[in-house]
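Letter by letter, the chains look like this.
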Amino acid sequence: MTERDGSAQPAAPLSGAARELYARITRGEPVGPEDTGALGELVGWRLVIADPERPSLPIALDPQEAGRRRLDDELRDLAARAARIAAIPDLSDELGLHFERAKWRSGSGSEFLAGREQVTARIGEAVDRAETEVLTALPAGPGCEELLGETTDRDSRALARGVRLRTLFGDGVRDDAAAREWAAVMSARGTRFRTLLAPFQRCVVVDRRQAFISDHVVGGDPEQTAWHVMDRAFVAFVAEGFEDAWRRADVWYGDPRRAVPAGEGSRLTDRQREILIDTAAGVDQRITARRLNIGLRTLTKELARLRAHWGVSTLAALAYQWALSPERQRTADHPGEGPRPEPPAPVFH
């Protein structure tokens, strides 16, 4: 049995000529040149061995022992072949992912970016080559102070070239001191900021020609991975989704959130109004925090401010005061003016 081109070849059965030659060898008959092929089969099966002193008279071996050895060899080969067969699906799955990603990169005008460093570097390259505008939507805010420093330099270079920058944040960024300071600096240099209470998806759109969106295909961490999209139709669709969110957002220059003023008739912030609506409706606080893109700690602080505003100690009492307040009545009389967000359209998926 031999292997060629990496695949095992099945053992050929013992030919009739080899069987006849074995019988002749057991009778002590000599082997001639015409028996070379048959003799090779017998040697391969270990049914005979050559006698160095009498090469024309090979020595016959026990066929039972030779058969057992042959059977062991075949069983080992069968086990090895079964193991190779069993490994085929896993190998196909492993290599298939690379093949699919290659198709995504080359066939659909999109490239998968597998890590935060790669995402950050690719966005930086795109913004550095921007000619007209950069649209950025970040629900969770601008990130850590180290990234803020890199972003400041990059965005300042773009502004110096005449590129228009618009950045949309989640409403919770107004409570972040570092983000407020950064936004105040960049607002003075020309970047326009807005914040939105309703949920929206992350994206960066450069010159309406390329976009970066969170990954919802490969199944990794959407916060760490992204897609670089270059299909013009889809980029336009993403940009229009950004514009829709931008129109519903509030202008921000890095100023802190206004505190609730004293007095029964004072106006609440949009976020406080949303929290009160959910509290009165008995909505779980985790759901409210997720809908408003804020943490539970931030939500707890807001509720504490609201309880202090009305001088109550429980959520039930707070809901009662809200139900009787002029602010609640204005919301009920003019529901179209309230800030409760519409369900977000899947514009950046």
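The structure we're discussing is the one just above.
Residues numbered from 1 in each chain as written. Predicted model: local features only at pLDDT ≥ 70, side-chain atom pairs only at ≥ 80, totals over all residues. Heavy atoms only, no water.

Engineer: Explain the overall build of the protein chain to me, please; I cannot follow it from the model alone.
Structural biologist: Scanning the protein chain from terminus to terminus reveals 12 helices and 12 strands. If you take every contact in the protein chain between residues at least 6 apart in sequence, the share linking residues at least 24 apart comes to 69%. Accessible surface, the protein chain as shown: approximately 19900 Å² in total, 55% of it carbon and sulfur. (Helix = DSSP H or I, 4+ residues; strand = E, 2+ residues; numbered from the N terminus. Contact = heavy atoms within 4.5 Å. Areas by Shrake-Rupley, 256 points an atom, 1.4 Å probe, with all protein chains shown as cover.)

Engineer: Would you take a moment to explain helix 10 (residues 296–310) for this structure?
Structural biologist: Each full turn of the α-helix corresponds to 3.6 residues, which orients residues three or four apart in the same direction. Taking 1.5 Å as the rise per residue, helix 10 with 15 residues should run 21 Å; its terminal C-alpha atoms sit 21 Å apart, in good agreement. On its buried face, helix 10 sits against helix 8 (270–280), helix 9 (285–291) and helix 11 (315–324). Phi turns positive, to about 65 degrees, at Gly311, one or two residues after helix 10. (Expected span 1.5 Å × (residues − 1).)

Engineer: Just checking my understanding: could you explain the sheet that holds strand 11 (residues 226–229) for this structure?
Structural biologist: Consider a sheet: its strands pair through backbone hydrogen bonds, and that pairing is either parallel or antiparallel. Taken together, eight strands build an open sheet; the order of strands is 5-11-10-9-6-7-8-12 and the sheet is mixed. What marks the edges here is a single partner per strand, and that holds for strand 5 (110–113) and strand 12 (250–252). Each strand of the sheet is rotated relative to its neighbour by a mean of 20 degrees, with strand direction disregarded. Note: strand 8 (residues 192–196) against strand 12, three bridges, orientation antiparallel. Of the residues in strand 12, the one forming a bridge with Thr195 is Asp250. (Pairing = 2+ DSSP bridges. Axes fitted to C-alpha atoms, helices over the stretch in contact; angles between N-to-C directions.)

Engineer: Would you explain the environment of Leu268 in this entry?
Structural biologist: Here Leu268 is to be found in the loop between strand 12 and helix 8. Taking relative accessible area as the criterion, Leu268 reaches 8% and is therefore assigned buried. Residues Leu268 and Arg328, spaced 60 residues apart in sequence, show a C-alpha to C-alpha distance of 9.9 Å. (Buried < 20%, exposed > 50% of the residue type's maximum accessible area, 1.4 Å probe, protein only.)

Engineer: So what exactly am I meant to see when it comes to the side chain of Asp35 here?
Structural biologist: Within the secondary structure, Asp35 is located in the loop between helix 1 (16–26) and helix 2 (36–44). Owing to a relative accessible area of 8%, Asp35 belongs among the buried residues under this scheme. Beyond its immediate chain neighbours, meaning those up to four positions away, Asp35 contacts Leu21 and Arg24.

Engineer: Help me understand the nonpolar core in this model?
Structural biologist: Proteins that are soluble and globular tend to have nonpolar side chains buried together. Membership of the largest hydrophobic core comes to 25 residues, with the highest contact counts inside it found for Val134, Phe169 and Phe193. If you list the elements that add at least two residues to this core, you get helix 4 (116–128), strand 6 (133–138), helix 5 (145–160), strand 7 (164–170), helix 6 (177–189) and strand 9 (203–206). Ignoring anything within four residues of it in the chain, the contact list for Phe169 reads Leu138, Gly141, Pro142, Trp182, Phe193, Arg194, Thr195, Leu196, Phe200 and Trp252. Core analysis: the next-biggest nonpolar cluster, separate from the first, contains 20 residues, Leu135, Ala211, Ile213 and Trp246 among them. (Core = buried A, V, L, I, M, F, W, Y, C linked by side-chain atoms within 4.5 Å.)

Engineer: Where do I start with the environment of Arg27 in this structure?
Structural biologist: For Arg27, the location among the structural elements is in the loop between helix 1 and helix 2. What makes Arg27 exposed here is its relative accessible area of 55%. C-alpha of Arg27 to C-alpha of Ala60: the two residues are 33 residues apart in sequence and 9.6 Å apart in space.

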